[in-house]
Amino acid sequence: MEQQALPADYVKNMTNLLGAEEGEQFLKSYGKPRAYGLRLNTLKMTPSSPVMEVMKNQFHLREVPWCQNGFYYEESSRPGKHPYHAAGLYYIQEPSAMSAVELLAPEPGETILDLAGAPGGKTTQIAARMKGEGLLIANEIHPQRAKILAENVERWGIRNTVVTQSAPEGLSSRFPLTFDRIMLDAPCSGEGMFRKDPEAVKEWSERSVEACAARQWDIIHDAIKMLKPGGRLAYSTCTFNRQENEETIARLLETYPFMELITEKRIWPHKQEGEGHYVALLQRGGTAEEKLGIIGADVKPIRGRLQAESGAKGGRKAKAGKAAGSSKETLAAWQAFQTWADEDLPGYIPADGSPELFGEALYWLPRSSGLSLQMSQLSGLKVPRAGLHLGELRKGRFQPSHALAMASSAKEAARTWDLEPTSPEAAAYLRGETLPVPDSLKGWTLVTVSGYPLGFGKASGGQLKNHLPKGLRIQL
Ligand SMILES: C[S@@+](CC[C@H](N)C(=O)[O-])C[C@H]1O[C@@H](n2cnc3c(N)ncnc32)[C@H](O)[C@@H]1O
């Protein structure tokens, strides 16, 4: 982008911030090509998986220094158009945006909130680090964006995530002092998006910076209310001005003396290969502030919210007792699922959680040792995804969902039909077409590409009926 296309006030502010010499280098970075990145889905593969060789060659991958599973790719290789993308093997993410979750360092088994989650870059990164254990609530305020977030969670095959669509206060009133870690990737003035999205330049003004800082400040209170004593908060933006970054954090530290700044990190486009990001990692002090009554008196835990459940692990059958404790309908749906899974997905073992039925749709609601969600807690909230959607019970027959296919592995399935990524059959499956298969293949079949699920098909009479949802069918 030409330098003169940048707003004059912005150029002046950045020169003031960085000084004349560095400011010039910074502004020159707008004339350079932007960085493209993808991050591997370690829920499905690792950098040593055989498909990695194919990906390295095809996408010309180079490591992102600050993210273990992050890679730069060559724009012309278009990994977003590859069947491996549909199989959820990676997430296309601007490289510097990968830094925030690295700093937050989520652990398996924890209770984590991604407060401003869509489209899902940080949610998918957190989920990968949680390895399917614990509970992640991924939230997004805007309905359309929450839908995209839910789709990305599904494509990544994440089992332990509930997607909510709520304003931050809708969550903080329900989940006080709850989370081990919170990611707040705040809505911001997007100065780090200028090279990627020239529209962001048009929307920039000093007023919009002020408005963003005010909005961030509003959201921060809710984030802090929900953090457990000892819990960590990562606050990030893709903007450069100090008002939305260091100054917001300084104000936070002043207002909440029990919060401690652990570290701050900046990525600059003139210093690193990335569009730019700011992250602050903070920790909530022990329990002193609660003793002192510093936490908001408006926050009251919902009764029965934290249940002292041991969260027994075990196979599908071990969980049936839990369903019996809820309703007859849930138990019937859960039993129908078990019967189906014994036949078609015998290796599938759910994470810690319980079945929940919404109309005909059966979900597996995950839980962590810190939070055993009750559906009553979510009442009044929009919940696009109440955990892993297992499928639907229709007229007594269980029909598996696409989400279940994506969260499964080939070794869990009774039948698979594997396709070469470059084959016409893979493209045909992704377009939603029926595939020819041997007569001997019968029943629900996990369709895979290089061994990774793309979706379900149902085989009979030499044909594989396509069960890829209509909205996900694509022309490669
Ligand atoms: C920077 S984006 C999040 C990107 C996401 N974390 C990712 O990595 O893909 C900020 C998000 O905040 C949402 N948002 C906007 N206003 C908000 C508000 N008042 N409270 C919470 N979130 C808000 C936006 O819709 C947007 O999806």
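Residues numbered from 1 in each chain as written. Predicted model: local features only at pLDDT ≥ 70, side-chain atom pairs only at ≥ 80, totals over all residues. Heavy atoms only, no water.

- The protein is annotated in an unreviewed UniProt entry as RNA methyltransferase of Paenibacillus zeisoli.
- Annotation of the protein in UniProt includes, under Sequence similarities (unreviewed entry), the sentence "Belongs to the class I-like SAM-binding methyltransferase superfamily. RsmB/NOP family." (UniProt positions renumbered as here; feature names shortened; annotations may be inferred.)

1. Considering the site of the ligand
Piece 1. In the neighbourhood of the ligand, 17 residues make up the surrounding shell, with Ala-116, Gly-121, Glu-140, Arg-145 and Asp-185 lying closest.
Piece 2. Within the backbone of Pro-119, a nitrogen or oxygen atom sits 3.4 Å from an oxygen atom of the ligand.
Piece 3. Gly-120 is positioned such that a nitrogen or oxygen atom in its backbone is 3.1 Å from an oxygen atom of the ligand.
Piece 4. Contact with the protein chains hides 86% of the accessible area of the ligand, taken as 590 Å² for the molecule alone.
Piece 5. Elements supplying a minimum of two residues to the shell around the ligand: α6 (121-130) and α10 (206-226).
Piece 6. Residue composition of the shell around the ligand, grouped by class: eight nonpolar, four polar and five charged. (Near = heavy atom within 4 Å. Polar contact = N/O pair within 3.5 Å; in protein donor to acceptor, adjacent residues only side chain to side chain. Areas by Shrake-Rupley, 256 points an atom, 1.4 Å probe, with all protein chains shown as cover. Helix = DSSP H or I, 4+ residues; strand = E, 2+ residues; numbered from the N terminus. Nonpolar A, V, L, I, M, F, W, Y, C, P; charged D, E, K, R; others polar.)

2. Some details on the nonpolar core
Side chains of nonpolar character tend, in soluble globular proteins, to be buried together.
Piece 1. Within the largest apolar cluster, 38 residues are counted, with the highest numbers of intra-cluster contacts made by Phe-175, Leu-184, Leu-233, Leu-252, Met-259 and Leu-373.
Piece 2. Sorting the residues of this core by element identifies β6 (135-139), β8 (179-185), α10, β9 (227-237), α11 (246-255), β11 (277-284) and β13 (361-366) as the ones contributing at least two each.
Piece 3. If one sorts the elements of this core by residue count, α10 sits on top with six residues.
Piece 4. Counting only domains with at least three residues in this core, you end up with domain 1 (33-291) and domain 2 (316-406).
Piece 5. Not counting residues up to four positions away in its chain, the partners in contact with Leu-252 are Trp-217, Ile-220, Ile-224, Leu-233, Met-259 and Leu-282. (Core = buried A, V, L, I, M, F, W, Y, C linked by side-chain atoms within 4.5 Å. Buried < 20%, exposed > 50% of the residue type's maximum accessible area, 1.4 Å probe, protein only. Domains from an automatic or database assignment. Contact = heavy atoms within 4.5 Å.)

3. Let's talk about α6
Piece 1. By the criterion of burial, α6 is predominantly enclosed, with nine of the 10 residues buried.
Piece 2. Buried residues of α6: Gly-121, Lys-122, Thr-123, Thr-124, Gln-125, Ile-126, Ala-127, Ala-128 and Met-130, and no others.
Piece 3. In the segment just after α6, Lys-131 is the residue with positive phi, at about 55°.

4. Some thoughts on the pattern of salt bridges
Piece 1. Throughout the structure, instances matching the rule amount to 20 salt bridges.
Piece 2. Note that Glu-22 and Lys-271 form a salt bridge whose closest N and O atoms lie 3.5 Å from each other. Of this pair, Glu-22 sits in helix α2 (residues 20-28) while Lys-271 sits in the loop between β10 (259-267) and β11, placing them 249 residues apart in sequence.
Piece 3. Lys-271 sits in the exposed class, given a relative accessible area of 54%.
Piece 4. Put simply, Asp-352 and Arg-367 hold a salt bridge, and the shortest N to O gap is 3.5 Å. Of this pair, Asp-352 sits in the loop between α14 (328-344) and β12 (353-358) while Arg-367 sits in the loop between β13 and β14 (382-385), and the two are 15 residues apart along the sequence.
Piece 5. Its relative accessible area of 8% is what places Arg-367 among the buried residues.
Piece 6. Ionic contacts of the salt-bridge type, sharing partners, join the residues Glu-360, Glu-392 and Arg-394 into one network. (Salt bridge = Lys/Arg side-chain N within 4 Å of Asp/Glu carboxyl O.)

5. Considerations on the sheet that holds β9
Piece 1. The mixed open sheet is built from eight strands, whose spatial order is β10-β11-β9-β8-β5-β6-β7-β14. Taken across any chain shown, the strands that pair with only one partner, and hence form the sheet edges, are β10 and β14. Shown here is a sheet whose adjacent strand axes are inclined to one another by a mean of 20°, direction ignored.
Piece 2. Sheet topology places β9 next to β11; six bridges connect them, and they run antiparallel. Each bridged residue has a counterpart across the sheet, and for Thr-237 the counterpart in β11 is Tyr-278.
Piece 3. Along the sheet, helix α7 (residues 143-155) makes contact with β6, β7 (161-165) and β14, crossing β7 at roughly 170°.
Piece 4. Sitting on the sheet, α10 touches β5 (111-114), β8, β9, β10 and β11, and the angle it makes with β9 is about 155°. (Pairing = 2+ DSSP bridges. Axes fitted to C-alpha atoms, helices over the stretch in contact; angles between N-to-C directions.)

6. Describing unusual backbone geometry
Piece 1. Cis geometry is adopted by the peptide bond preceding Pro-119, which originates at Ala-118 and carries an omega value of 5°.
Piece 2. Among the secondary structure elements, Pro-119 is positioned in the loop between β5 and α6.
Piece 3. Positive phi, normally seen in glycine, also occurs at Lys-131, with a value near 55°.
Piece 4. In this structure, Lys-131 sits in the loop between α6 and β6.
Piece 5. When its relative accessible area of 59% is taken as the criterion, Lys-131 is described as exposed.
Piece 6. A positive phi is found at Leu-177, a non-glycine position, where the angle reads about 50°.
Piece 7. Inspection of the secondary structure puts Leu-177 in the loop between α8 (168-172) and β8.
Piece 8. Its relative accessible area of 24% is what places Leu-177 among the partly exposed residues.

7. Remarks on the sheet that holds strand β20 (residues 452-460)
Piece 1. If you walk across this open sheet you meet the five strands as β17-β19-β20-β21-β18, and the pairing is mixed. Unpaired on one side and paired on the other, β17 (416-419) and β18 (435-436) mark the two borders of the sheet.
Piece 2. Where strand β19 (residues 443-449) lies against β20, seven bridges are found, and the strand directions are antiparallel. Looking at the pairing, Val-449 lines up with Tyr-452 of β20.

8. Description of the UniProt feature "binding site: S-adenosyl-L-methionine" (unreviewed entry) in the protein
Piece 1. Residues given the UniProt feature "binding site: S-adenosyl-L-methionine" (unreviewed entry) here are Glu-140 and Asp-185. A maximum C-alpha distance of 10.8 Å places the annotated residues, which cover 46 residues in sequence, within one compact spot.
Piece 2. Along the chain, Glu-140 turns up in the loop between β6 and α7.
Piece 3. Of the residues examined, Glu-140 reaches a relative accessible area of 5% and is grouped as buried.
Piece 4. Among residues more than four places away in sequence, those in contact with Glu-140 are Leu-115, Ala-116, Gly-117, Ala-118, Arg-145, Ala-146, Leu-149, Thr-164, Gln-165 and Ser-166.
Piece 5. Within the structure, Glu-140 has its side chain in polar contact with the backbone nitrogen of Ala-118 (distance 3.2 Å).
Piece 6. Not counting residues up to four positions away in its chain, the partners in contact with Asp-185 are Ala-116, Lys-122, Ser-236, Thr-237 and His-277.

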